[in-house]
Each structure stands twice: as C-alpha cells, then as structure tokens.
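What the coordinates show
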Amino acid sequence: MKSLIAGNWKMNGLRADSMALIEALKAKAAGSAPGCDVLVCPPSILIANAMAAVAGNPITVGGQDCHAEDKGAFTGDIAAAMLADFGCSHVIVGHSERRRDHAENDAQVAAKAAAAHRAGLVAIVCLGESAEEREQGRAAQVVTGQLAGSLPPSANGANTVVAYEPIWAIGTGKVATPGDVAEIHDVLRAELVSILESQGEAVRLLYGGSVNAANAHELLRVPHVNGALVGGASLKPDDFWTIVEAAPH
C-alpha cells in the first residue's frame, strides 16, 4: 500500500512561519514529486491559510484534533465537519499529548474517530505505551487494548489510519529500535485483522516517535510500517522532505 508521511506541527508556528514552511515544501514537491501521500497538520487557526497555499499541490492538510459531537455549546472546540468544510482530508485523534494533558480515554477517542468518519475525514488514531509499561513487558497488551477501545464501529481500511507512537519516544530523541517497531506493528496488524477482518489489512500503520531524516529510511522499511507521523522534524522542510523521499515507492 502507498505510504503516508504526516507532519504534526503541534502548537508551533505563527502565520508567517507556517506560510514559509508550506512554500518550502511546495518547492520541494515541485522539484521532486513525492512517491507517497504527504499530509501536514498545522494548528487549527492556520488551516485556512495552509489550504489556500497548497491548492493544486500534492500536499494535503489535516487537523490535530476534533470534538466528538457534530456541533454544540463546546467553547474552544472544533467539529470534524468544520475541518472537512475547510478542505481537510484527515484529523489526528487520541494523540498521547491529548490523552495525557486532557485526560482523554479510549472511548472518547473512538467517539472522535466516529465524528471524523461522519464528516468524511480519515481518522489517524494514535496509541502507544509509556516507558514504565514497556519496562513491565506490557507494551503489546497496552497498545492492543488501546486499539480495541479506540476504534469505532465505522472504522475501515479507507477511513482509518493507526499511528503507533511509544510515549517514551515522542520528542525525547529516543527511538524504538526496528525490532521494537516490528514487534508492535506485527501485533497491531494481527489485532486489526481480528477486529476488522479483511478491512484490517488495508489500514495504514504509521510509526511515530522521534522520526527524523537520519532514521527514517530504516524505520520505513520495517514490516507493516506504512508511513510515519512526524513531530519536530516536520517543522524543518529539508528534514521532512528527506523523510518523504525515504518512503518506499
């Protein structure tokens, strides 16, 4: 299946910074057409500008989160339909920073993914274990439990992507070894097939957690790794495009 390289900008970038980053990525795409799908997820207030800037370009734009309800009295939140209305194709749900900082649980993540599906968006469902859970030998148990609890009944191979991001590797510079990644992605693929049957084979599995220009080539060739969810390196156009070009064609 075609790889997906997704950049999660998190809470970074003023308007001028973001437009400069988009323009740099557009220039790279024009000079070397990507052999994979490329997605950037800027802060919500910058989505409209990003969408206008990438018009006619293979780079697509997504959101970093959405509410589980389609509309209502939820001050400060954004509905999936609003993201779709601006032209977004994807939305990240259940990122570990949301689970940690906003106490989101699996059921809430599943509700957000279902909202994304209703709006016609692809939900990127994130999961991953802590350092303590890995040290206890519970990594596989934790991520399969999160997967089962975070997938709504509407999930299928076309509208859902799963991103494995071990919490201990996010923004720390620590990277899971190819063996660590292979072990978890094998388990996740088997669990997806168990839950979604034939559709489970079509769900793209991304790896995230300190993916950078130096380690991307090796990580993207691990079995059942169908792309990457990139954090800090997605803010550096040269590094991000190196990751894009490292994706298997």
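Because the structure is a prediction, the values reported are computed rather than measured. (Residues numbered from 1 in each chain as written. Predicted model: local features only at pLDDT ≥ 70, side-chain atom pairs only at ≥ 80, totals over all residues. Heavy atoms only, no water.)

Some details on the overall build of the protein chain
A tally of helices and strands in the protein chain yields ten helices and eight strands. For 249 residues, the compact-globule formula gives about 18 Å, and the C-alpha radius of gyration of the protein chain, at 17 Å, lands near that figure. Expressed as lengths along the three principal axes of its C-alpha atoms, the size of the protein chain is roughly 45 × 45 × 35 Å. Each of the 249 residues in the protein chain was classed as buried or not, and the buried ones make up 51%. Long-range pairs, those at least 24 residues apart, make up 73% of the contacts in the protein chain between residues at least 6 apart in sequence. Roughly 10700 Å² of accessible area belongs to the protein chain as shown, and the carbon and sulfur atoms make up 53% of that amount. Counting 18 positive and 27 negative side-chain charges, the protein chain places the centres of these two groups 4 Å from one another. (Helix = DSSP H or I, 4+ residues; strand = E, 2+ residues; numbered from the N terminus. Rg over C-alpha atoms; globule rule 2.2 N^0.38 Å. Buried < 20%, exposed > 50% of the residue type's maximum accessible area, 1.4 Å probe, protein only. Contact = heavy atoms within 4.5 Å. Areas by Shrake-Rupley, 256 points an atom, 1.4 Å probe, with all protein chains shown as cover. Lys, Arg positive; Asp, Glu negative; His and termini not counted. Charge placed at Lys NZ, Arg CZ, Asp CG, Glu CD.)

A closer look at the packing of helix 1 (residues 15–31) against helix 10 (residues 237–246)
For the pair helix 1 and helix 10, interaxial distance at closest approach is 10 Å and the crossing angle is 40°. With respect to helix 10, the axis of helix 1 lies oblique. Handedness of the helix 1/helix 10 crossing: right-handed. Residue-level contacts link Leu21, Ala24, Leu25, Lys28 and Ala29 of helix 1 to Pro237, Asp238, Phe240 and Trp241 of helix 10. Across the contact of helix 1 with helix 10, the residue classes tally to seven nonpolar, no polar and two charged. (Axes fitted to C-alpha atoms, helices over the stretch in contact; angles between N-to-C directions. Parallel < 35°, antiparallel > 145°, perpendicular 65-115°, else oblique. Left-handed = near helix turned anticlockwise from the far one by under 90°. Nonpolar A, V, L, I, M, F, W, Y, C, P; charged D, E, K, R; others polar.)

Considering the sheet that holds strand 7 (residues 204–208)
Read once around its circumference, the closed barrel built from eight strands follows the order 1-2-3-4-5-6-7-8, with strand pairing classed as parallel. With strand direction ignored, the average angle separating the axes of adjacent strands in the sheet is 25°. In this structure, strand 6 (residues 160–164) lies alongside strand 7, joined through four bridges in parallel fashion. Bridging across to strand 7, Tyr164 finds its partner in Tyr207. Packing against the sheet, helix 8 (residues 178–196) makes contact with strand 5 (122–127), strand 6 and strand 7, and its axis sits at approximately 150° to strand 7. (Pairing = 2+ DSSP bridges.)

A short note on the side chain of Asn8
Along the polypeptide, Asn8 turns up in strand 1 (residues 4–8). Using a relative accessible area of 5% as the deciding quantity, one classes Asn8 as buried. A distance of 3.1 Å separates a polar side-chain atom of Asn8 from the backbone nitrogen of Lys10. Those residues in contact with Asn8 that lie beyond four places of it in its chain are Cys41, Gln64, Ile92, His95, Leu229, Val230, Gly231 and Ser234. (Polar contact = N/O pair within 3.5 Å; in protein donor to acceptor, adjacent residues only side chain to side chain.)

Looking at the nonpolar core
Ranked by internal contacts, the top residues of the largest apolar core, which has 64 residues, are Ile5, Tyr207 and Leu220. Among the elements that make up this core, the one with the highest residue count is helix 8 (six residues). Aside from chain neighbours lying at most four places away, what touches Ile5 is Cys36, Asp37, Val38, Leu39, Leu220, Gly227, Ala228, Val230, Phe240, Ile243, Val244 and Ala247. The next biggest cluster of nonpolar side chains, apart from the first, holds twelve residues, and it includes Cys41, Val122, Ile124 and Val161. (Core = buried A, V, L, I, M, F, W, Y, C linked by side-chain atoms within 4.5 Å.)

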